[in-house]
Amino acid sequence: MSNKADQWSSKLAFILAAAGSAIGLGAIWKFPYVAGTSGGGVFFLIFILFTVLVGLPLLLGEFIIGRSTQKDAIQSYKQIAPNSSWHLIGRLGIVTCFILLSFYSVVGGWILIYIFKGLTGELSGLNEQQYGELFGSSISNAPLVIGSQLLFLLITIYVVSKGVSKGIERASRIMMPALFILFILLIIRSISLEGSMEGVIFFLKPDFAKVTSETILYAMGQSFFALSVGVSVMVTYSSYLSKNENLPQSAISIVSLNLFVALLAGLAIFPAVFSFGLAPDAGPVLLFNVLPTVFNQMPMGIVFLMAFLLLFLFATLTSAFSMLEIIIAPLAKGDVIRRRRFSWIIGLSIFIVGVPSALSFGVLDSVQIFGETIFDAADFLVSNILMPLGALLISIFVPMKLSKEKLFEELALGSKLSNKIFISWYILLKYIAPIVIIFVFLDALGMFKN
């Protein structure tokens, strides 16, 4: 069944929603700590290369699949390649998003905890060590983390159950622009701190001596995570587009916004990290320890911190919406009542599956999967195995199942696409992307380890 009953109201609405899917935790939470543990500037450079040379072509590939068929992540593959197993790409994307949202919602819950603690005054006037202790005690509190994770998912379920234009679009339109404004304010404060330039250099000056196979692996995993490619989210989102939208321009806008936010995140976090003598490789806790410390130094800092946490929450939610949407769309089949029912059934199922990840830093911290906590193992599985696998399959599917003529025709709709640009995109998608993905994917599986 066609998705035409529920479409984006405009190109801007689509770009904001798709960028919101990409930006969220991928750029604001995960990017700074992965960059911090993977070499800083050299990681950022490799991340940019992967995003432009692999992420962008794949993003356009997903756009073509969704917009050309106007169907969800399973039916779109079935329409292009009937009587085949290619629809399993869509199913893989759905499973990936299910697992991803199960641990992503845990971090969303942490943000809710911090908003609550900010309102009750617990975030005011602490030093760096005390912020670290507060975070540690918060995420190890079982009732607190499970309750906050559930609340985050309830918000996500409610918005997705309302539909594309009335739910997802409305949230994205308001909160994404506001997030940029708060980011700029934070950066101005962060780089004005004493000793902050050391952090700027760490983030922007590549040190090629720090390049390892792991740096490359994580840069690629992050480029998929940050752009929401490889899981067919963008197939679903682009299926709600009208036929006259300019796909290349939309893709470039989303990639540019994503890279810009990654830059902003790095400039907001690393100068503060170095200014306060904190370790840039602190890992996932980096954002929750550093940001309150930075805001605490500002006049009316708690007000700015609360505003940022609220906006951070909405940026996180826009990503969560896209993950739940890809799962719900094939089940809803364009029916409002089915959408509402399955939003709640699937959303609550994701909550149950995510409880072990929520408890990974408390009662289940001793449970290890290949030497990782449940939370970190789920993250590794999604970012370094499932997303690259999905991306590889999409990079093979698009040029194999859609003719050059059909691809050019679809990309040229609503745009003035030159043949040179088309050929460049086609080569990157058909030849470069699969080779890069396979190489790094094998590295993730330990094939190149001594």
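No experiment lies behind these values; they were computed from the predicted model shown. Each chain carries its own residue numbering, running from 1 in the written order of its sequence. Only residues with pLDDT of at least 70 get local features here, since the model is predicted, and only at 80 or more are side-chain atom pairs given and counted; chain-wide, interface and lining totals rely on the full set of residues. Excluding hydrogens and water, the side-chain figures rest on all heavy atoms present in the structure.

## Structural notes on the packing of aromatic side chains
- Each Phe, Tyr or Trp ring, with Trp reduced to its six-membered ring, pairs with another whose centre is within 6.5 Å; inter-plane angles below 30 degrees give stacked pairs, above 60 give edge-to-face pairs, and intermediate values give tilted ones. With the rule as written, the count across this model stands at 20 aromatic pairs.
- On the basis of an interplanar angle of 80° and a centroid distance of 5.7 Å, the ring pair of W110 and F288 is categorised as edge-to-face. Of this pair, W110 sits in helix α4 (residues 88–119) while F288 is found in helix α12 (residues 286–296), placing the two residues 178 residues apart along the sequence.
- Only protein chains enter the accessibility calculation, which uses a 1.4 Å probe; a residue is then buried when its area is under 20% of its type maximum, exposed when over 50%, and partly exposed in between. When its relative accessible area of 2% is taken as the criterion, W110 is described as buried.
- Grouped by ring-pair contacts, the aromatic residues F103, W110, Y114, F135, F288, F361 and F375 constitute a single cluster. Secondary structure elements are defined from DSSP: runs of H or I of at least 4 residues count as helices, runs of E of at least 2 residues count as strands, and each element is numbered from the N terminus.

## Some details on the confidence of the model for the protein chain
- The quantity known as pLDDT measures the predictor's confidence residue by residue, on a range of 0 to 100. On average, residues of the protein chain carry a pLDDT of 84, and 92% of them reach 70 or more.
- Per-residue pLDDT stays below 50 along residues 1–5; that stretch engages in 11 contacts with residues further than four places along the chain or on separate chains. Only heavy atoms enter the contact rule, under which two residues are in contact if any of them lie within 4.5 Å.

## Here's the deal with the nonpolar core
- Counting 155 residues, the largest nonpolar core has I28, W110, F308 and W425 as the members making the most contacts within it.
- Sort the elements by how many residues they give to this core and helix α13 (residues 301–332) lands first, with 18 residues.
- Not counting residues within four places of it along the chain, the set of residues in contact with W110 comprises W29, F135, I139, V145, S148, F288, F361 and F375. Residues grouped as a nonpolar core are buried Ala, Val, Leu, Ile, Met, Phe, Trp, Tyr and Cys residues, joined through side-chain atoms within 4.5 Å.

## So, the packing of helix α6 (residues 142–161) against helix α14 (residues 336–358)
- Every angle, taken between N-to-C directions, lies between 0 and 180 degrees, and every axis is a line fitted to C-alpha atoms, over only the stretch in contact when it is a helix. One can describe the packing of α6 onto α14 by two numbers: an axis separation of 9 Å at closest approach and a directional angle of 155°. One finds that α6 runs roughly antiparallel with respect to α14. The chirality of how α6 crosses α14 is right-handed. The residues of α14 that touch α6, namely those facing V145, I146, Q149, L150, L153, L154, I157, V160 and S161, are R339, R340, S343, W344, G347, L348, I350, F351, G354, V355 and A358.
- Nonpolar residues are Ala, Val, Leu, Ile, Met, Phe, Trp, Tyr, Cys and Pro. Charged residues are Asp, Glu, Lys and Arg, and all others, Gly as well, are polar. Here the contact of α6 with α14 is composed, by residue class, of 13 nonpolar, 5 polar and 2 charged. An angle below 35 degrees is treated as roughly parallel, one above 145 as roughly antiparallel, one from 65 to 115 as roughly perpendicular, and anything else as oblique. Should the near helix be turned anticlockwise from the far one by less than a right angle, the crossing is left-handed, and should it be turned clockwise, the crossing is right-handed.

## Considering helix α2 (residues 41–69)
- Over its 29 residues, α2 runs 40 Å from end to end, which matches the ideal 42 Å to within 8%, given 1.5 Å per residue.
- Throughout, the bend at a residue refers to the angle made by two axes, fitted to the seven residues ending there and to the seven starting there. The largest bend in α2 amounts to roughly 40° and is located at G55, with the proline P57 lying one to four residues further along.
- Burial of α2 is extensive: 24 of the 29 residues sit out of reach of the surface. Helix span, as expected, comes to 1.5 Å for every residue beyond the first.

## Let's talk about a nonpolar patch on the surface
- By definition, no residue in a patch forms a salt bridge, and every one has over 30% relative accessible area; like charges are joined within 9 Å, nonpolar side chains (Val, Leu, Ile, Met, Phe, Trp, Tyr) within 5 Å. Residue-level accessible areas treat just the shown protein chains as cover; the underlying method is Shrake-Rupley with a 1.4 Å probe. Should a side-chain nitrogen of Lys or Arg be within 4 Å of a carboxyl oxygen of Asp or Glu, the pair is scored as a salt bridge. Taken together, the side chains of L45, L49, V52, L53, F208 and V211 make up a nonpolar region of the molecular surface, amounting to roughly 480 Å² of accessible area.
- Here L53 shows up in helix α2.

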